[in-house]
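# Results of the structural survey
Listed below, chain by chain, are the residues.
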Amino acid sequence: GDLVTRAMESHRFSAPGEYVPNFALSDTAGERLNLCNTELSGGPILLAFLGGDKKGAQNLMRSIQRVSKPLQGFGFHVYAVMQGKLGHAAVRAQRFPFRVLCDESGEVTQAYAQASGLSMPALFLLDPNQRILATPPVPVDGSLADLIERTGKRYAPVSNPPVVDHQAPVLIIPNVL
């Protein structure tokens, strides 16, 4: 039970550049996601915690849906963490353009709220190494789209990396062996 909470009690975070703690939760399809998993490498992460105010959480979900095309275009990994028992079929029927993770006990959501000092619902914009870039205010306004575009351009993968067609110089040191 208290493993996540105990780990986060000693790890306070909320400022840009700080790492967020790892967690593992299942999504609505039953697949487990580990935040520090290698499948997430390479792109920025938008992590939305939807606990707390139900109306605020619904508004946040709609805001994320409105910016889902730029998020996908820039290679963001998007995860919404829903607190409490969910009707998995009802959430799957919504067909969100991002993965919805289930925090049935509320342990991860509460631990993130305590350790970050943010009230829920909350957003974390993370770099590809799971460091905080920003914690945009909720309710989300039009600035989220601007923040996503700036972040996406900064961390966008190179589509056509330059090809080096010559050999690197060789350094020869005599009498080494």
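We now turn to the structure provided with this report.

The rules behind each value
- Residues numbered from 1 in each chain as written.
- Predicted model: local features only at pLDDT ≥ 70, side-chain atom pairs only at ≥ 80, totals over all residues.
- Heavy atoms only, no water.
- Phe/Tyr/Trp six-rings, centres within 6.5 Å; stacked < 30°, edge-to-face > 60°.
- Helix = DSSP H or I, 4+ residues; strand = E, 2+ residues; numbered from the N terminus.
- Buried < 20%, exposed > 50% of the residue type's maximum accessible area, 1.4 Å probe, protein only.
- Pairing = 2+ DSSP bridges.

### Looking at the packing of aromatic side chains
- One pass over the full model with this rule turns up 5 aromatic pairs.
- Ring plane angle 85° and centroid distance 5.6 Å describe the contact between Tyr-112 and Phe-124, whose orientation is recorded as edge-to-face. With Tyr-112 in helix α5 (residues 107-116) and Phe-124 in strand β6 (residues 122-126), this pair connects stretches of sequence that are 12 residues apart. Pair check on accessibility: Tyr-112 and Phe-124 agree, each one buried.
- By the ring-pair criterion, three or more aromatic residues cluster together here, those being Phe-23, Phe-49, Tyr-112 and Phe-124.

### Examining the pairing of strand β5 (residues 99-103)
- Within β5, 4 of the 5 residues are buried, which leaves it mostly tucked inside the rest of the structure.
- Of the pairings in the sheet, the one linking strand β1 (residues 24-27) to β5 comprises 2 bridges and is antiparallel in character. By the bridge assignment for β5, Ser-26 is matched with Cys-102.
- Sheet analysis places strand β4 (residues 77-83) next to β5, joined by 5 bridges and oriented parallel. Following the sheet pairing, Met-82 is matched in β5 by Cys-102.

### Remarks on unusual backbone geometry
- Along the chain, Met-120 connects to Pro-121 via a cis peptide bond; the corresponding omega equals 5°.
- Within the element layout of this structure, Pro-121 appears in the loop between α5 and β6.
- The backbone phi angle of Gln-130 is positive, close to 60°, even though this residue is not glycine.
- Tracing the backbone shows Gln-130 in the loop between β6 and β7 (132-134).

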